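Observations on chain architecture
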Amino acid sequence: MADLPALLRRLQEILGPAGMLTEPADTAPFVADWRRLYSGRTPAVLRPANTAELASAMAACAAAGVGVVPQGGNTSMVGGAVPDEDGSQVVLTLARMNRVRAADAVDQTLTIEAGATLKAAQDAAEAIGCLLPLSIGSEGSAQVGGILATNAGGNNTVRYGNARDMVLGLEVVLPDGQVWNGLRRLRKDNTGYCLRQLFVGSEGTLGIITAAVLKLVPRPREVEVALCAVASPEAALALFHRFYTNDPAAVQAFEYMAGTGMDFVLRHIEGAVLPLSERAAHYVLVELATPRPQAGLRGAMEAVLEAALEAGEVSNAVIAESGAQRAAIWRLREEHSEGQKREGASVKNDVSVPVSKVPELIARASEACRALMPGIRVVPFGHMGDGNIHFNLEQPVDMDAAAFLARDHEIMDTVCAVVRDLDGSFSAEHGIGKLKPYMMPDWRGGAELGLMRAIKDAIDPAGLMNPGKVLPCV
Ligand code: FAD
Ligand code: MLT
Ligand code: ZN
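Keep in mind that what you see is a predicted model, and the values were worked out from it rather than measured. (Residues numbered from 1 in each chain as written. Chains lettered and ligands numbered in written order. Predicted model: local features only at pLDDT ≥ 70, side-chain atom pairs only at ≥ 80, totals over all residues. Heavy atoms only, no water.)

1. Regarding the overall build of the protein chain
A count of helices and strands for the protein chain gives 17 helices and 19 strands. Radius of gyration (C-alpha) of the protein chain: 23 Å, near the 23 Å computed for a compact globule of 474 residues. Summarising its shape, the C-alpha atoms of the protein chain cover approximately 70 × 55 × 45 Å along the three principal directions. Counting every position in the protein chain, which comprises 474 residues, the buried fraction comes to 55%. By sequence separation, contacts in the protein chain at least 24 residues apart represent 74% of the contacts at least 6 residues apart. For the protein chain, the exposed surface amounts to about 19300 Å²; the carbon and sulfur share of it is 52%. On the protein chain, the mean spot of the 43 positive side-chain charges and the mean spot of the 55 negative ones are 4 Å from each other. (Helix = DSSP H or I, 4+ residues; strand = E, 2+ residues; numbered from the N terminus. Rg over C-alpha atoms; globule rule 2.2 N^0.38 Å. Buried < 20%, exposed > 50% of the residue type's maximum accessible area, 1.4 Å probe, protein only. Contact = heavy atoms within 4.5 Å. Areas by Shrake-Rupley, 256 points an atom, 1.4 Å probe, with all protein chains shown as cover. Lys, Arg positive; Asp, Glu negative; His and termini not counted. Charge placed at Lys NZ, Arg CZ, Asp CG, Glu CD.)

2. With respect to the coordination of the zinc ion (ligand 3)
Around the zinc ion (ligand 3), the protein contributes the donor atoms His-383 (NE2), His-390 (NE2) and Glu-429 (OE), which lie 1.9 to 2.2 Å from the metal centre. Donor residues binding the zinc ion (ligand 3) come from one chain and are separated in sequence as H-x6-H-x38-E. One end of the pair, His-383, is in strand E18 (residues 377–383); the other, Glu-429, is in the loop between helix H15 (408–421) and helix H16 (440–444), with 46 residues separating them in the sequence. Here the two residues His-383 and Glu-429 agree in accessibility, since each one is buried. (Donors = N, O, S within 2.8 Å, 3.2 Å for Na, K, Ca; no water.)

3. Details of the site of ligand 1
In the vicinity of ligand 1, 36 residues are found, and the nearest of them are Pro-70, Gly-72, Thr-75, Ser-138 and Gln-143. Ser-138 is positioned with one of its side-chain polar atoms (N or O) 2.6 Å from an oxygen atom of ligand 1. Coverage of ligand 1 by the protein amounts to 96% of the 970 Å² it exposes when considered alone. If you list the elements that add at least two residues to the shell around ligand 1, you get strand E3 (68–71), helix H5 (144–150) and strand E10 (208–215). Per element, the largest residue contribution to the shell around ligand 1 is 5 residues, and it comes from H5. Split by residue class, the shell around ligand 1 holds 13 nonpolar, 21 polar and 2 charged. (Near = heavy atom within 4 Å. Polar contact = N/O pair within 3.5 Å; in protein donor to acceptor, adjacent residues only side chain to side chain. Nonpolar A, V, L, I, M, F, W, Y, C, P; charged D, E, K, R; others polar.)

4. A short note on the layout of surface pockets
Size it by volume and the second largest pocket reaches roughly 710 Å³. Lining the second largest pocket we find 27 residues, and of these Arg-164, Gly-201, Ser-202, Met-452 and Val-470 sit closest to its centre. Tallying contributions element by element places helix H17 (residues 447–459) first for the lining of the second largest pocket, with 4 residues. When grouped by side-chain class, the residues that make up the lining of the second largest pocket number 11 nonpolar, 10 polar and 6 charged. (1 Å grid on protein atoms, 1.4 Å probe; cavity = no way out; pocket = protein on both sides within 12 Å on 5 of 7 lines; lining within 4 Å. Points joined across faces, edges and corners; volume = space filled by probe spheres on them.)

5. Points about the packing of aromatic side chains
Tallied over the entire structure, the rule returns 4 aromatic pairs. Residues Phe-426 and Trp-443 carry aromatic rings whose centres are separated by 5.1 Å and whose planes lie at 40° to one another, so their mutual orientation is tilted. Remark: Trp-443 occurs in helix H16 and Phe-426 occurs in the loop between H15 and H16; sequence separation between them is 17 residues. The exposure classification of Phe-426 matches that of Trp-443, with both residues buried. Through successive ring pairs, a cluster of aromatic residues spans Phe-240, Tyr-244 and Phe-254. (Phe/Tyr/Trp six-rings, centres within 6.5 Å; stacked < 30°, edge-to-face > 60°.)

6. Focus: the packing of helix H1 (residues 4–15) against helix H3 (residues 51–64)
Look at H1 against H3: their axes get within 9 Å of each other, and the N-to-C directions meet at 170°. With respect to H3, the element H1 is oriented roughly antiparallel. In contact with Leu-7, Arg-10, Leu-11, Ile-14 and Leu-15 of H1, H3 contributes Glu-53, Ser-56, Ala-57, Ala-60, Cys-61 and Ala-64. Split into classes, the residues belonging to the contact of H1 with H3 amount to 8 nonpolar, 1 polar and 2 charged. (Axes fitted to C-alpha atoms, helices over the stretch in contact; angles between N-to-C directions. Parallel < 35°, antiparallel > 145°, perpendicular 65-115°, else oblique.)

7. Let's talk about the sheet that holds strand E5 (residues 100–104)
Ordered by their spatial adjacency, 5 strands build an open sheet running E5-E6-E10-E8-E9, and the pairing between neighbours is antiparallel. The open sheet is flanked by E5 and strand E9 (179–182), the only strands paired with a single partner. In this sheet, neighbouring strand axes are inclined to one another by 10° on average, regardless of whether the strands run parallel or antiparallel. Pairing of strand E6 (residues 109–113) with E10, which is carried by 5 bridges, proceeds in the antiparallel orientation. The residue of E10 that forms the bridge with Thr-109 is Lys-215. Docked against the sheet, H3 engages E5, strand E8 (167–173), E9 and E10, running at close to 50° with respect to E8. (Pairing = 2+ DSSP bridges.)

8. Here we look at the environment of Cys-416
The residue Cys-416 is located in helix H15 in this model. Among residues more than four places away in sequence, those in contact with Cys-416 are Phe-426, Met-439 and Trp-443.

9. Structural notes on the pairing of E8
Most of E8 is tucked away, with 7 of its 7 residues classed as buried. Of the strand pairs in this sheet, E8 and E9 are connected by 4 bridges, and their pairing is antiparallel. By the bridge assignment, Leu-170 is partnered in E9 with Gly-182. What sits between the antiparallel neighbours E8 and E9 is a turn of 5 residues, in which Gly-177 has the positive phi angle 100°.

10. Concerning the nonpolar core
Ranked by size, the top nonpolar core spans 61 residues in total, and within it Leu-239, Phe-243, Phe-254, Leu-361, Phe-391 and Leu-393 carry the most contacts. When residues no more than four places from it in sequence are discounted, the contact partners of Leu-239 are Cys-228, Val-230, Phe-254, Val-284, Val-304, Leu-305, Ala-308, Glu-313 and Val-314. If you look at the next biggest cluster of nonpolar residues, it comprises 57 residues, including Ile-14, Ala-116, Ala-149 and Tyr-160. (Core = buried A, V, L, I, M, F, W, Y, C linked by side-chain atoms within 4.5 Å.)

11. What about the site of ligand 2?
Contacts to ligand 2 come from Met-77, Arg-333, Ser-337, Lys-348, Phe-381, His-383, His-390, Asn-392, Glu-429 and His-430. Here Ser-337 contributes a side-chain N or O atom positioned 2.5 Å from an oxygen atom of ligand 2. Here an oxygen atom of ligand 2 sits 3.2 Å away from a polar atom, N or O, in the side chain of His-383. Within the complex, the protein chains bury 90% of what would otherwise be the 280 Å² of accessible surface of ligand 2. Elements with a minimum of two residues in the shell around ligand 2: E18 and strand E19 (388–394).

Rendered as structure tokens:
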């Protein structure tokens, strides 16, 4: 048994008065997740001010055999950043470690501490005339450490890839308190195993990301955003193909939204207005952007939409005329999670399939879920250009929320059976967290899970890093 009071005294010495929270009222925001699926307990929330303090705190926890749960903005969709219910694990927040260490417009790199929000990192890139091309609805709260630890995707993956593709270097504190300084900003560095990519997507189970060198790109000179009513998911896919074959380098986002999700946004989100004359069963938001001067994106947008209107794929469309209109259209997409949350209880399936299979996924999974639970409301939306659909389900109107959530595995397994049949993945961008380790043996069993366990054992032999997340208990 760990001597918890002795550890807390030691941590207080290391971190100072501003560096640790122990009062239940202060720790409460750190023990429940954004979706309110999990609620844990912790004796302390650690708030180190720098890497040296963090490393000493980690060494103290390792010596005491106490588990550590790293937390960024706590926006995980899979309960990845909350401690267990037994009150034995400390939470480690990087909120005080949020400095921009360097920004270089020639190298096109940003060196930033892990506790900075994604929005702050985007702003720092913009300040030197660059773009950090990662955009997610939670960017005002999610932190650089959190997005790297989950390998977040989001709205621009179709053009720039996931968080993983933006990392040149990392600084990491290991479970025993050692610091690995891998903050290199090299475009080429072929020197053995690529350690930084091991920590990206590891969801806090291998070490603490304390800083990163992020790869930037030139800022776009032209941006065009359109919201389209489309006839069906098949029509949305055809529209994607039109834009992509016209100019793949210009497609910065291609997002699908079912009418159900849009209706929730219009019902629950203050100020949300549909800029089309009537509601539709399916929508697409497309964003074109380019750093090229005089690229004529507006003409390209209009030409592709006209052809799609003639082909009957698009029934109505609006192109934003100003930055404010672009933001208003994006808001309709970004508020989908919040709109769904306010409508009632939901079960989320962040799944991916080959892009060409998205319409089949939506049709087959919708039918299977309706057969499983009459009255269930199907809310598919998301990153169609990546084949990543949030195949979310909303509780039937007259059903008790708890009774609905009690059937979450049954619903998830129903959707995932279709996903498997289409050669897809049960987690596209949200990760595994606490919600999905039960699926790992079935989906990633055998040699793959064996390798993952071997890596975990090598780096964190005592199993103190974010216990119970990602890998199923043995
Ligand atoms: P947290 O939730 O705090 O933690 C996530 C995981 O990372 C946990 O396992 C935690 O232990 C670990 N972790 C956190 N910080 C560190 C660190 N410094 N070192 C090591 N491990 C760490 N996700 C997408 O991919 N795409 C989307 O489009 C998207 N949209 C969203 C929209 C909304 C409205 C919300 C609420 C969430 C959305 N998400 C999306 C999910 C979530 O925002 C992302 O997973 C994000 O990357 C989590 O960042 P965070 O800082 O909040 O991390
Ligand atoms: C998003 O893309 O908005 C989120 O990742 C989706 C969700 O809430 O499931
Ligand atoms: Zn998403």
